[in-house]
Amino acid sequence: MRILLYTGKGGVGKTSVSAACALRCAELGYRTVVLSTDSAHSLGDSFDTRIGSDLVELAPNLWGQEIDLLHQMDKYWGRVQEYLNVLFSWRGMDSLVAEETSVLPGMAELASLMHISHLADSGDYDTIIIDAAPTGSTLQLLSFPDIARWYIEKIMPFERRTLQIARPIVSRMSDLPLPDDDLFESVEDLVNVLERTSLLLGDSQVSSMRLVINPERMVIKEAQRAYAYLNLYGYAVDSVVCNRVFPQELQDVYFSGWIEAQRRNLAFVEEAFQPLPISRIPFFEEEVLGQNMLRRMAATLFGDDLERGGEGDPTRLFYQGEPQKIFARNGHYILSIALPLVAKDEVNLHRSVVDELIVRIGNWKRNIALPIGLARLKIDGAKYEGDRLNILFRKQEGHADDALDSLQSSPWEQLKSRLQGDVV
Ligand SMILES: Nc1ncnc2c1ncn2[C@@H]1O[C@H](COP(=O)(O)OP(=O)(O)O)[C@@H](O)[C@H]1O
Ligand SMILES: [Mg+2]
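Let me sum up the structure you'll find in this document. Here the structure is a predicted model, which means the values were calculated and not measured. (Residues numbered from 1 in each chain as written. Chains lettered and ligands numbered in written order. Predicted model: local features only at pLDDT ≥ 70, side-chain atom pairs only at ≥ 80, totals over all residues.)

1. As for the overall build of the protein
- Scanning the protein for helices and strands turns up 15 helices and 15 strands.
- Burial status across the protein gives 38% buried among its 424 residues.
- For the protein, restricting intrachain contacts to residue pairs at least 6 apart in sequence, the fraction spanning at least 24 positions comes to 69%. (Helix = DSSP H or I, 4+ residues; strand = E, 2+ residues; numbered from the N terminus. Buried ≥ 20, exposed ≤ 12 C-beta atoms within 10 Å, placed from the backbone. Contact = placed C-beta atoms within 7 Å.)

2. Here's the deal with the environment of Arg394
- Relative to the helices and strands, Arg394 is located in strand 15 (residues 388-394).
- On the basis of neighbour counts, which here come to 13 C-beta atoms within 10 Å, the residue Arg394 falls in the partly exposed class.
- Along the primary structure Arg394 and Leu377 are separated by 17 residues, whereas in three dimensions their C-alpha atoms are 6.1 Å apart.

3. Concerning the nonpolar core
- Judged by nonpolar contacts, the single largest core of 101 residues is most densely connected at Ala22, Ile130 and Ile213.
- Of the residues that make up this core, three or more belong to each of domain 1 (1-320) and domain 2 (324-419). (Core = buried A, V, L, I, M, F, W, Y, C linked by C-beta atoms within 7 Å. Domains from an automatic or database assignment.)

4. Regarding the packing of helix 1 (residues 14-27) against helix 12 (residues 290-302)
- Between helix 1 and helix 12, whose axes approach to 8 Å, the crossing angle comes to 85 degrees. Between helix 1 and helix 12, the angle falls in the class roughly perpendicular. Each of Ser16, Val17, Ala19, Ala20, Cys21, Leu23 and Arg24 in helix 1 lies in contact with helix 12, whose residues at this interface are Gln291, Leu294, Arg295, Met297, Ala298, Leu301 and Phe302.
- Within the contact of helix 1 with helix 12, the residues separate by chemical class into ten nonpolar, two polar and two charged. (Axes fitted to C-alpha atoms, helices over the stretch in contact; angles between N-to-C directions. Parallel < 35°, antiparallel > 145°, perpendicular 65-115°, else oblique. Nonpolar A, V, L, I, M, F, W, Y, C, P; charged D, E, K, R; others polar.)

5. Points about the sheet that holds strand 2 (residues 32-36)
- Pairing in this open sheet of eight strands is mixed, and the strands run 3-4-2-5-1-6-7-8 from one edge to the other. Strands at the two margins of the open sheet, each flanked by one partner only, are strand 3 (56-59) and strand 8 (278-282). Pairs of neighbouring strands in the sheet enclose a mean axial angle of 25 degrees, with direction left out of account.
- Helix-sheet contacts for helix 5 (residues 107-122) involve strand 1 (2-7), strand 2 and strand 5 (127-131), and the interaxial angle to strand 5 is about 165 degrees.
- Contacting strand 6 (207-213), strand 7 (237-245) and strand 8, helix 11 (residues 256-273) runs over the sheet at an angle of about 175 degrees to strand 7. (Pairing = 2+ DSSP bridges.)

6. Digging into the site of ligand 1
- For ligand 1, the set of nearby residues contains 17 residues, the closest of which are Lys14, Thr15, Ser16, Phe284 and Glu287.
- In terms of residues, the shell around ligand 1 owes the most to one element, helix 1, which gives three residues.
- A breakdown of the residues in the shell around ligand 1 according to their chemical character gives six nonpolar, eight polar and three charged. (Near = placed C-beta within 6 Å.)

7. Some details on the environment of Ile128
- Position of Ile128 among the secondary structure elements: in strand 5.
- When sequence neighbours within four positions are dropped, the list of residues in contact with Ile128 reads Ile3, Val33, Ile116, Leu119 and Ala120.

8. Details of the environment of Ile130
- Among the structural elements, Ile130 can be located in strand 5.
- Dropping the residues within four chain positions of it, Ile130 is found in contact with Ile3, Leu5, Tyr6, Leu35, Thr37 and Ile116.

9. Focus on helix 3 (residues 69-90)
- With 22 residues, helix 3 ought to run about 32 Å at 1.5 Å a step, yet its terminal C-alpha atoms sit only 28 Å apart, falling short of that.
- Of all bends in helix 3, the biggest is about 75 degrees, found at Trp77.
- Taken as a whole, helix 3 has its buried residues at Gln72, Met73, Tyr76, Trp77, Arg79, Val80, Gln81, Tyr83, Leu84, Leu87 and Phe88.
- Following helix 3 by one or two positions, Gly92 has its phi on the positive side, about 95 degrees. (Expected span 1.5 Å × (residues − 1). Bend = angle between axes of the 7 residues up to and from the residue.)

Structure (structure tokens):
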């Protein structure tokens with residue numbers, strides 16, 4: 001089974017690309033389901049039909065579903081949220097504010113991604129395609145189910161075991177709302193599904209993330225940031241799809257500025273994402289609506305080889321390996337980048353803005369977006385190790401970054417102490 005997740009900024013063509021990919025997979029004979037988790041659903045438009053929150057058959061071997069975020073959130077998070085509402089209101093918080101506060105950032109998105117595990121475990125599908133734009137906080141909760149469990153348990157005033165002993169005493173002395181056993185079980189269920197989803201999405205043989213972009217500076221920058229976080233949390237990105245590229249034959253004077261800008265931006269795309277394969281889709285003369293247009297999009301994206309397992313099979317791994325990864329070692333965080341075929345010349349590092357690192361080796365150039373945790377650290381140097389370049393960032397004493405600290409042996413101590421006692 002394969003899970004393919006297309007992500008990118010709103011409007012770049014995620015839904016169209018996901019739909020085109022799904023149709024191709026189905027036509028290759030894979031039992032395929034395509035899900036959109038964006039609340040502004042348009043998967044139905046792509047297939048020129050109505051898709052709702054229940055699975056709909058769209059073509060032979062192909063099913064689609066537009067996830068209802070609120071419903072998903074209710075399903076996984078509802079019981080916990082109910083309790084937190086009561087708790088926060090009891091503490092004098094206005095009920096509307098309490099309701100908002102009881103939702104963790106990224107939770108709705110997270111809950112909709114958790115639906116993947118149900119589809120995967122049903123055994124009904126060979127390919128699951130997800131049209132989604134997970135944010136940093138969603139990825140973080142997903143990568144470390146431990147922290148989610150800890151966090152959820154921490155915002156409840158008692159741990160389960162303590163409560164078993166303390167319940168009679170507390171209820172005699174105070175009207176503090178106490179969580180019941182059912183609630184702890186809901187948390188257990190929630191974390192179990194979370195762990196399963198995390199395992200699926202974190203397995204590079206099962207799941208591939210694909211970045212969808214347009215040749216526009218802002219769009220590329222945002223995709224670079226997403227890429228930085230996907231790398232930080234260890235998700236395998238295997239390709240980049242550059243959509244809406246003006247065709248070569250376009251010679252319009254009015255558009256000449258745009259054509260020139262695209263040319264420059266396409267070069268920048270290579271600096272930002274190589275060695276990942278980058279495929280291009282032209283700006284079509286019409287919208288991508290209905291199966292004929294989706295098939296046309298799939299042909300430009302995957303080629304015409306309609307052999308299962310062949311060149312045109314979207315389920316194959318487009319890239320294997322770790323172009324960029326981050327880990328901790330001896331007082332440093334190390335940003336490690338793959339350098340296949342690059343002559344090991346003098347390395348030139350340049351930081352143009354705080355969170356951007358430009359690496360030059362001879363004619364070779366790479367533009368890397370840094371996750372916030374790294375961006376604020378000093379660089380101690382760089383060295384070649386095998387066919388990788390390791391850039392050393394000096395850890396700051398007493399400074400904790402949630403994401404980066406997960407790389408240390410005792411992961412959440414810092415965060416725990418920061419949050420401890422915040423609620424009760
Ligand atoms: N290559 C393309 N050529 C022409 N129109 C496109 C292309 N890619 C996407 N579109 C159109 O652009 C709009 C936005 O695309 P969509 O896939 O919904 O983006 P997203 O899901 O990223 O918000 C849709 O109307 C779609 O048909
Ligand atoms: Mg969309």
